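Structural features, examined
What follows is each chain in one-letter form.
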Amino acid sequence: MVGVIVEDMPRALAFYHRLGLAVPDDAEGMEHVEIPMGGMTFFLSTKTANARWDPARVEPRGAGYRIVLEFYLENREALDAKYEELTGLGYRGHHAPYQVTPELRFALVDDPDGNTVLLSASTEAAEG
């Protein structure tokens, strides 16, 4: 997935629609919109929606992020291990692993250029 945090959803949807993305007709009033793109999903998320799943985010002022690169891992254990591996190698942990919902776990790590990478996993696979 590739995600972009936006100030104004209707304005962002119009822009990306002009770039050729198949924006859903009912998306304008949503806080989070996913657009499948042949093996990849592009999403737009408002700051309000973003604040619910990333409690550590700060507004960019020379540091911070506007684009989120998300990588799915097989399960909770794989997510936790990858976070530990990356931070153990010296990459900056943006937010340690945490449960977003009972079924979804996230962790965030900054890449060498300061882009925040979201690690996510379904916890159902690990538990069920």
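Heads up: these notes are all about the structure in this document. (Residues numbered from 1 in each chain as written. Predicted model: local features only at pLDDT ≥ 70, side-chain atom pairs only at ≥ 80, totals over all residues. Heavy atoms only, no water.)

**Quick notes on the overall build of the chain**
So the rule is basically this: In this text, helices come from DSSP runs of H or I with a minimum length of four residues, and strands from runs of E with a minimum of two, each type numbered from the N-terminal end. The reference for a compact globule is 2.2 Å times residues^0.38; the radius of gyration itself is calculated from the C-alpha atoms.
Helices and strands together make up the secondary structure of the chain, namely four helices and seven strands. Each helix and strand of the chain, placed in order from N terminus to C terminus, yields the pattern β-α-β-β-α-β-α-β-β-β-α. Rg of the C-alpha trace for the chain: 15 Å, near the compact-globule value of 14 Å for 128 residues, within the 12% margin. Considered along the principal axes of its C-alpha atoms, the chain spans approximately 40 × 40 × 25 Å.

**A look at the pairing of strand β7 (residues 116-122)**
Just so we agree on the cut-off: Partly exposed describes any residue whose relative accessible area lies between the buried limit of under 20% and the exposed limit of over 50%, with all areas from a 1.4 Å probe on protein chains only and scaled to the type maximum. Strand pairing is assigned whenever DSSP identifies at least 2 bridges connecting the two strands.
With six of seven residues buried, β7 is to be regarded as a mostly interior element. Examined bridge by bridge, strand β4 (residues 67-72) and β7 share four bridges and lie parallel to one another. The partner of Phe71 across the bridge, within β7, is Leu119. In the sheet, strand β6 (residues 104-110) pairs with β7 via seven bridges, with the strands oriented antiparallel. Bridge assignment links Leu108 to a residue of β7, and that residue is Leu118. The turn linking β6 back onto β7 is made up of five residues, and Gly114 within it adopts a positive phi angle of 90°.

**Re the layout of surface pockets**
Threshold: Both cavities and pockets are sets of points on a 1 Å grid over the protein atoms alone; in a cavity a 1.4 Å probe fits but cannot get out, in a pocket the set is open with protein on both sides within 12 Å along at least five of seven lines, and lining residues sit with an atom within 4 Å of a point. Grid points are joined across faces, edges and corners, and a volume is the space filled by probe spheres set on the points. Think of it as three bins: nonpolar holds Ala, Val, Leu, Ile, Met, Phe, Trp, Tyr, Cys and Pro, charged holds Asp, Glu, Lys and Arg, and polar takes everything else, Gly as well.
The calculated volume of the largest pocket comes to roughly 230 Å³. What lines the largest pocket is simply Met1, His32, Glu34, Phe43, Trp53, Glu70, Tyr72, Val100, Leu104, Phe106 and Leu118. Contributions of two or more residues to the lining of the largest pocket are made by β2 (32-36), β4 and β6. Residues that form the lining of the largest pocket fall into these classes: eight nonpolar, one polar and two charged.

**Digging into the sheet that holds strand β1 (residues 2-6)**
The line we're drawing: Fitting a line to C-alpha atoms yields each axis, with helices limited to the stretch in contact; the angle taken between N-to-C directions then spans 0 to 180 degrees. Any two residues having at least one pair of non-hydrogen atoms within 4.5 Å are treated as being in contact.
Pairing is mixed in the open sheet, where seven strands are placed in the order β2-β3-β1-β4-β7-β6-β5. The open sheet terminates on both sides in strands that have one partner only, identified here as β2 and β5 (93-101). Going from strand to strand, the sheet's axes swing by 20° on average, the running direction of each strand aside. As judged from the five bridges shared by β1 and strand β3 (residues 41-46), these two strands associate in the parallel manner. In the strand pairing of β3, Ile5 is matched with Ser45. Running over the sheet, helix α1 (residues 9-18) touches β1, β2 and β3 and is turned about 155° from β3. In the packing of helix α3 (residues 76-88) onto the sheet, contacts are made with β5, β6 and β7, and the angle to β6 comes to roughly 15°.

**Here we look at the pattern of salt bridges**
Side-chain pairs of opposite charge can arise whenever the charged atoms involved come near each other. The following threshold applies: By definition, a salt bridge exists where a carboxyl oxygen of Asp or Glu is found within 4 Å of a side-chain nitrogen of Lys or Arg.
Counting across every chain of the model gives six salt bridges. In this structure, Arg52 and Glu31 form a salt bridge, with 2.5 Å as the shortest nitrogen-oxygen distance. Remark: Glu31 occurs in the loop between α1 and β2 and Arg52 occurs in helix α2 (residues 47-53); sequence separation between them is 21 residues. The partner of Arg92 in a salt bridge is Asp110, with the nearest N and O atoms 2.4 Å apart. Of this pair, Arg92 sits in the loop between α3 and β5 while Asp110 is found in strand β6, placing the two residues 18 residues apart along the sequence. Connected through shared salt-bridge partners, Arg76, Asp80 and Arg105 make up one network.

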